Amino acid sequence: MEHTVEHKRKWYKPQSTLSEVFLPVPYNGRFGYILEDTVRAKGIKVAKFTAIPEGKYNVGIRYSNSFKRNVLVLYTKIIEKNGYKEYVIEKDGISFTYVLVHGGNTHHHSDACLLIAKNANTSGEDFVIQGTMENELFHIISSYIKNGDTVIWKITNEPQKE
């Protein structure tokens, strides 16, 4: 069975992007907010300060040495190196590695990863999120994956929301 996470980018600032994330059945509805680095023009990447391109991605589970735990990872392909899996995104002429989904509060915690939280503040010079939803999201998505299901993460750039 295939499950699709809908990630809708709606608010944009020079340093970051704020989105709403929606989960599939039976969780229908907004799950929380995603904070990530700024969306750039197609084919442009500034390392650690660029959101991944709009599109569809596979979702997997990867052990993070930084966080010392398993986390969700988005990828377009897996490269085997010396018996180790490297999750890679190659899209629109640019590539990313280790695009994880984890907790955090500002784009400074992102490094091109997706930060998930319950609350968001759109006022001020930059976006701030709080109330991490990482554990809840990991539990839901990992249960699909452990069941042998496919999970797709679909990102859409929508017009700026007021």
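Parameters and conventions
Each chain carries its own residue numbering, running from 1 in the written order of its sequence. Since the coordinates come from a predicted model, pLDDT governs what is reported: local features require at least 70, and pairs of side-chain atoms require 80 or more to be given and counted, while whole-chain, interface and lining totals use all residues. The basis for every side-chain value is the complete set of non-hydrogen atoms in the structure, without hydrogens or water. Starting at the N terminus, helices and strands are each numbered in turn, a helix being any DSSP run of H or I of at least four residues and a strand any DSSP run of E of at least two. We define a nonpolar core as any set of buried Ala, Val, Leu, Ile, Met, Phe, Trp, Tyr and Cys residues linked to one another through side-chain atoms lying within 4.5 Å. Any residue under 20% of the maximum accessible area for its type is buried, any over 50% is exposed, and the rest in between are partly exposed; the area is computed with a 1.4 Å probe on protein chains only. Throughout, a residue-residue contact means that at least one pair of heavy atoms, one from each residue, lies within 4.5 Å.

Quick look at the environment of A51 now. With respect to the element layout, A51 can be found in the loop between β3 (29-37) and β4 (55-64). When the C-alpha atoms of A51 and P24 are compared, they prove to be 23 Å apart, with 27 residues separating the residues in sequence.

This part is about the nonpolar core. The tendency in soluble globular proteins is for nonpolar side chains to be buried side by side. Judged by nonpolar contacts, the single largest core of 27 residues is most densely connected at L74, L137 and W153. A per-element tally of this core places helix α1 (residues 134-146) first, with 5 residues. Leaving out residues up to four positions away in the same chain, L137 has contacts with L23, F31, L72, V101, I116 and W153. Listed in part, the 8 residues of the second largest apolar core include L18, Y33, L115 and A117.

A few words now on the side chain of E36. Along the chain, the position of E36 falls in strand β3. The class for E36 is buried, based on a relative accessible area of 0%.

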